[in-house]
Amino acid sequence: AGELDYFKIVDDKYADLLSQKGIALKRSLEQGLSFIGFNHTRSPFSDRNIRLAMRYAVNQVDYKNKALKTNQESANQFLPKNMFGRLELPFPDELSQDKIMALVNKSKYSKILKRKNYYLYKHAAYENPEEDRYLTSIFKKIGLNITVTTIPRDVFIKKWINKDYDIIYLKVIPDISDPDNF
């Protein structure tokens, strides 16, 4: 009595403000797609071999079981062409670590990967520590040091529009229950 059990937040800025004040927010199930996009104008992500190695390093079953939340599914590729400019091939059947490293070694950036830290930016509303740990650990196996950084909505949008990112985690949600309405 006198306590609030549930209310729906539809404004991301309000959700960010509540989160910053330490109020724990619970998310409900929704339709939507999440993508990992690479800035193709920055090294090493301008090299297709690096992008392929990153994609192949993600084992879909492992990713779903260790990183995703209940009722989430793994997509068959990291990014949609219309959002990031290039369409990669769908995830293959599992590749061995040796084959993945062969792609990395074919890259012109293979010798300098470990010398730099790269950032994967996420909107604060999509924070998922299990997913973050999973992605950083699998990318580390191929020589990429990734730091996942959650940022407020306005900063996220500026980074995406201005292509001021190495890697970005983008989630799109239809405004009606139609997966084609993005």
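Reading the values: the criteria
Residues numbered from 1 in each chain as written. Predicted model: local features only at pLDDT ≥ 70, side-chain atom pairs only at ≥ 80, totals over all residues. Heavy atoms only, no water. Helix = DSSP H or I, 4+ residues; strand = E, 2+ residues; numbered from the N terminus. Contact = heavy atoms within 4.5 Å. Areas by Shrake-Rupley, 256 points an atom, 1.4 Å probe, with all protein chains shown as cover. Phe/Tyr/Trp six-rings, centres within 6.5 Å; stacked < 30°, edge-to-face > 60°. Buried < 20%, exposed > 50% of the residue type's maximum accessible area, 1.4 Å probe, protein only. Pairing = 2+ DSSP bridges. Right-handed = clockwise from strand over helix to strand, strands pointing away. Salt bridge = Lys/Arg side-chain N within 4 Å of Asp/Glu carboxyl O.

A separate point is the overall build of the chain. Each helix and strand in the chain was counted, giving seven helices and four strands. If you list the helices and strands of the chain from N to C, you get α-β-α-α-α-α-β-α-β-α-β. For the chain, long-range pairs separated by at least 24 residues make up 75% of all intrachain contacts whose partners lie at least 6 apart in sequence. Summing over all exposed atoms, the chain offers an accessible surface of approximately 11400 Å²; the carbon and sulfur share of this is 49%.

This part takes up the packing of aromatic side chains. What the rule picks out here adds up to three aromatic pairs. Look at Phe45 and Tyr118: their rings are 5.4 Å apart centre to centre, the planes differ by 80°, and that puts the pair in the edge-to-face class. Here Phe45 is found in the loop between strand 1 (33–38) and helix 2 (48–57), whereas its partner Tyr118 is found in strand 2 (residues 117–123), with 73 residues between them in sequence. The exposure class of Phe45 is buried, given its relative accessible area of 0%. Ring geometry for Tyr119 against Tyr121: centres 6.1 Å apart, planes inclined by 20°, an arrangement best described as stacked.

The subject of this paragraph is the pairing of strand 3 (residues 145–151). For a regular strand, side-chain orientation follows a simple rule: the groups alternate between the two sheet faces. Inspection of the sheet shows strand 2 paired to strand 3 by seven bridges, in the parallel sense. What sits directly across from Tyr121, in strand 3, is Thr149. For the segment spanning strand 2, helix 6 (residues 129–141) and strand 3, crossover handedness is right-handed.

With that out of the way, let us pick up the pattern of salt bridges. For the structure on display, the rule yields five salt bridges. The shortest N-O distance in the salt bridge between Asp164 and Arg42 comes to 3.1 Å. A residue pair is termed long-range when its members are at least 10 positions apart, and Asp164 in the loop between helix 7 (153–161) and strand 4 (167–172) and Arg42 in the loop between strand 1 and helix 2 qualify at 122 residues. You can call Arg42 partly exposed: its relative accessible area is 27%. A salt bridge links Asp164 to Lys159, with the shortest nitrogen-to-oxygen separation between them at 3.2 Å. Note on Lys159: relative accessible area 15%, which makes it buried. Sharing partners across several salt bridges, the network here consists of Arg42, Lys159, Asp164 and Asp166.

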